[in-house]
Amino acid sequence: MNKLSFSELLQNLTKAFAETFLMCGTSLGLAILLGVPLGLFIYITRKGLFWENRILNFIGGFLINIIRSTPFVILLVLLIPLTQRIVGSTIGPLAASVPLSVAAIAFFARLVENALCEVDKGVIEAAVATGASTFMIIKDVLLAEALPGIIRGLTVTAISLVGYSAMAGIVGGGGVGDLAVRFGYYRYQTDVMIITVASLIVLVQLLQTIGDFIAKKADRR
Amino acid sequence: MIRFQNVHVNFEVKNKIIEAVKDVSFEINRGEIFGIVGTSGAGKSTLLRTINLLQKPSKGRVVINGKDITDLKGEELRQHRAKTGMVFQHFNLIHTKTVFENVAFAMKAAGKSREEINKRVPEVLELVGLSDRATAYPSKLSGGQKQRVGIARAIANNPEILLCDEPTSALDLETTNSILELLKKINKQLGITTVIISHEMNVIKKICDRVAVMKDAEVVEIDTVYNVFASPKHPFSRQLVNYTINLELPKRLFREKGKRLLKIVYRGERAEEPVISDIIKHFGVDINILHGKIEYISDQPIGILVVHIDGNKDVITAAEEYLKTRVPEVEVLNE
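Model, not experiment: these values are computed from the prediction.

Considering the state of the cysteines
Residue and element names in this part refer to chain B.
Okay, step 1: For the structure shown, the criterion picks out zero disulfides over all chains.
Okay, step 2: With no disulfide partner, cysteine 208 has as its closest neighbouring cysteine sulfur the one in cysteine 164, 9.2 Å distant.
Okay, step 3: In this structure cysteine 208 comes out as buried when scored by relative accessible area, which is 2%.

Here you go:
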């Protein structure tokens, strides 16, 4: 078993970063696209809100919980048939994006719901009292007021995804985490482990800083 | 203009039914400032919210301008709400929107066009004295300024009715006065029928024409503010008024033997008659004035005197009877 030279490591690392970005970017994008509506849905079907509906609320919440309670590695394997259908292959970073997206949507939806719960009920009531339509209240009050919390939730989701994506190696997804596991852990290449883990720390730190900055900008309280 | 007909509101909490509003019937007149006063939990807020159906009555009807609004739904309900402004205790402004956008939101909700909004918002901000803060976010405003935005938002759509739910309870005394002045000015200038809820008789005293006193989900007294202050009929109203007028006396005064402690209320037209000196001359009793105060309500004076009356028992009773023919209110105070 040959050891990685420094230039090879650099090459591998660049490729791994590209894979990580592909996986996390895709799933994060889908989390925004589908997680926000899902979170909004389970929020407004709650007791005392516009579309109060206990059954739909329960189904939505339960679905999210099933996904969230399944260990990601198992979800990865469980979703292989779905991945095959959507991507046409079960290996590679794009294939790994499917289970990652499913996990991210459920995770983010719950965080969106939490952020919406933080919106002052009085502000919602004041909006209802103006005669605003439900659509307007959702857009101009709920989402606007919850935006800082949603952005913070998105940051947490993005960072969790970087962690999850390390397991994508199982389906040949690649990525930085996978590089650390394969070379650093399995092959006892401590230097590779340190460099990859250090670059992951930098990545996570960067995501957190950017997320905090945007959330602070959006927060007018 | 706003008529409550046997309005009941019940809440179910943990399988127990709680009556928040019990069989309330009265009418609020067009253009007046009407107060609803009572302790917290008396059902004032719940009653107020039946006017724009933030709270639907469990029984009874709410009729506005002759139109029963109790069962309004959908588009009609939204139109009714757009024509009914509401001001809240905690302002309830959208934090992520500027002052301008907060007011614009209410107009957008009522389906107003961009041009109308751009024309009207500066007008209402001018009216509430916040023209220079249009681009500020609520977090940069003081409590009084936030409430001014709340008021601007509530009147942006030229409503016929303005509902105020404890509009000054989160504000200090000075700011309270300026907000009450503003509400009064708006009522006069625009002729908006205004309904104000407060747990403080002082607020009611300053701006209301008439008041309903609520206790334990029921309206126990409705009258002009002047009458409620001058001669409250229900014990609870009396308690509220006494508390506001603040006639606290040291306990020992109630225990002095052979003396009677009387509270005498004069109303405007009688205030100039020398009643006290008449009694002294006629009955030969001693009168010692312990407390005195003149309150102006709706620009009319109410004089309140607390006196000790001292003398023969029969003479005191005769003097009391005589007093009752001369002034509208004589009350024997007990500890």
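Okay, back to it.
Section: the interface of chain B and chain A
Accessible area lost upon the coming together of the parts is a frequently used measure of interface size.
Okay, step 1: With 22 residues of chain B in contact, the opposing surface of chain A contributes 21 residues.
Okay, step 2: Buried area between chain B and chain A, summed over both chains or domains, comes out near 2000 Å², and the portion from carbon and sulfur atoms is 61%.
Okay, step 3: Of all residues in chain B, B:His95, B:Thr96 and B:Phe105 bury the most surface against chain A, accounting for 29% of the area lost on that side.
Okay, step 4: On inspection of chain B and its partner chain A, the count reaches three salt bridges.
Okay, step 5: Its salt-bridge partner being A:Glu125, residue B:Arg49 comes within 2.8 Å of it at the nearest N-O pair.
Okay, step 6: Joining chain B to chain A, the criterion identifies seven residue pairs in polar contact (both at pLDDT 80 or more).
Okay, step 7: Those elements that provide at least two residues to the side of chain B that touches chain A are helix H2 (74-82), strand S6 (84-87) and helix H3 (99-109) of chain B.
Okay, step 8: Here the element with the most residues in the side of chain B that touches chain A is H3(B); it accounts for four residues.
Okay, step 9: Looking at the side of chain B that touches chain A residue by residue, the class counts come to ten nonpolar, six polar and six charged.

Re helix H6 (residues 121-129) of chain A
Okay, step 1: Of all nine residues in H6(A), seven are buried, a share of seventy percent or more.
Okay, step 2: Packing partners of the buried residues in H6(A) comprise helix H1 (6-44) and helix H7 (134-165) of chain A together with H2, S6, H3 and helix H5 (143-155) of chain B.
Okay, step 3: Looking at the residues trailing H6(A), positive phi occurs at A:Gly131, about 90°.

Overview of the nonpolar core
Okay, step 1: With 61 residues, the main nonpolar core has B:Val103, B:Leu125, B:Ile151, B:Leu162, B:Leu183, B:Phe229 and B:Ile302 as its most contacted residues.
Okay, step 2: Residues A:Tyr43, A:Leu49, A:Leu79 and A:Ala146 belong to the second largest nonpolar core, which totals 53 residues.

A short note on the confidence of the model for chain A
Okay, step 1: The predicted model of chain A has a mean per-residue pLDDT of 90, with 99% of residues at 70 or higher.
Okay, step 2: Mean pLDDT per element in chain A: helix H8 (residues 176-186) of chain A is the minimum at 82, and H6(A) is the maximum at 95.

Here's the deal with the side chain of B:Gln147
All names here are of chain B.
Okay, step 1: Relative to the helices and strands, glutamine 147 is located in helix H5.
Okay, step 2: A polar side-chain atom of glutamine 147 sits 2.8 Å from the main-chain carbonyl oxygen of proline 167.
Okay, step 3: In this structure glutamine 147 touches Val87, Phe88, Gln89, Phe91, Pro167, Leu171 and Ile179, once residues within four positions along its chain are discounted.

A look at the sheet that holds strand S4 (residues 59-64) of chain B
All names here are of chain B.
Okay, step 1: Across the sheet, which stays open at both edges, the four strands sit in the order S2-S1-S4-S5 with antiparallel pairing between neighbours. Since the sheet does not close on itself, it has two edges, and those belong to strand S2 (16-28) and strand S5 (67-68), each with one partner.
Okay, step 2: Across two bridges, the pairing between S4 and S5 is antiparallel. Counted as the bridge partner of isoleucine 64 is lysine 67 from S5.

Structural notes on the pattern of salt bridges
Okay, step 1: Evaluated as defined, the whole model comprises 28 salt bridges over all chains.
Okay, step 2: Note that B:Lys233 is salt-bridged to B:Asp223, the shortest N-O span being 3.5 Å. Of the two residues, B:Lys233 sits in the loop between helix H8 (225-230) and helix H9 (235-245) while B:Asp223 sits in strand S10 (residues 218-224), which places them ten residues apart along the sequence.
Okay, step 3: With relative accessibility at 56%, the residue B:Lys233 sits in the exposed group.
Okay, step 4: Two residues, B:Lys263 and B:Glu331, come together in a salt bridge whose shortest N-O distance is 3.5 Å. A residue pair is termed long-range when its members are at least 10 positions apart, and B:Lys263 in strand S11 (residues 259-267) and B:Glu331 in strand S14 (residues 329-332) qualify at 68 residues.
Okay, step 5: The class for B:Lys263 is buried, based on a relative accessible area of 7%.
Okay, step 6: With a relative accessible area of 18%, B:Glu331 lands in the buried category.
Okay, step 7: Through salt bridges with shared partners, a single network forms among A:Lys139, A:Asp140, B:Lys97 and B:Lys108.

Quick notes on the rules
- Residues numbered from 1 in each chain as written.
- Chains lettered and ligands numbered in written order.
- Predicted model: local features only at pLDDT ≥ 70, side-chain atom pairs only at ≥ 80, totals over all residues.
- Heavy atoms only, no water.
- Disulfide = S-S within 2.5 Å.
- Buried < 20%, exposed > 50% of the residue type's maximum accessible area, 1.4 Å probe, protein only.
- Contact = heavy atoms within 4.5 Å.
- Buried area = accessible area lost by both parts, 1.4 Å probe.
- Salt bridge = Lys/Arg side-chain N within 4 Å of Asp/Glu carboxyl O.
- Polar contact = N/O pair within 3.5 Å; in protein donor to acceptor, adjacent residues only side chain to side chain.
- Helix = DSSP H or I, 4+ residues; strand = E, 2+ residues; numbered from the N terminus.
- Nonpolar A, V, L, I, M, F, W, Y, C, P; charged D, E, K, R; others polar.
- Core = buried A, V, L, I, M, F, W, Y, C linked by side-chain atoms within 4.5 Å.
- pLDDT = per-residue confidence, 0-100.
- Pairing = 2+ DSSP bridges.

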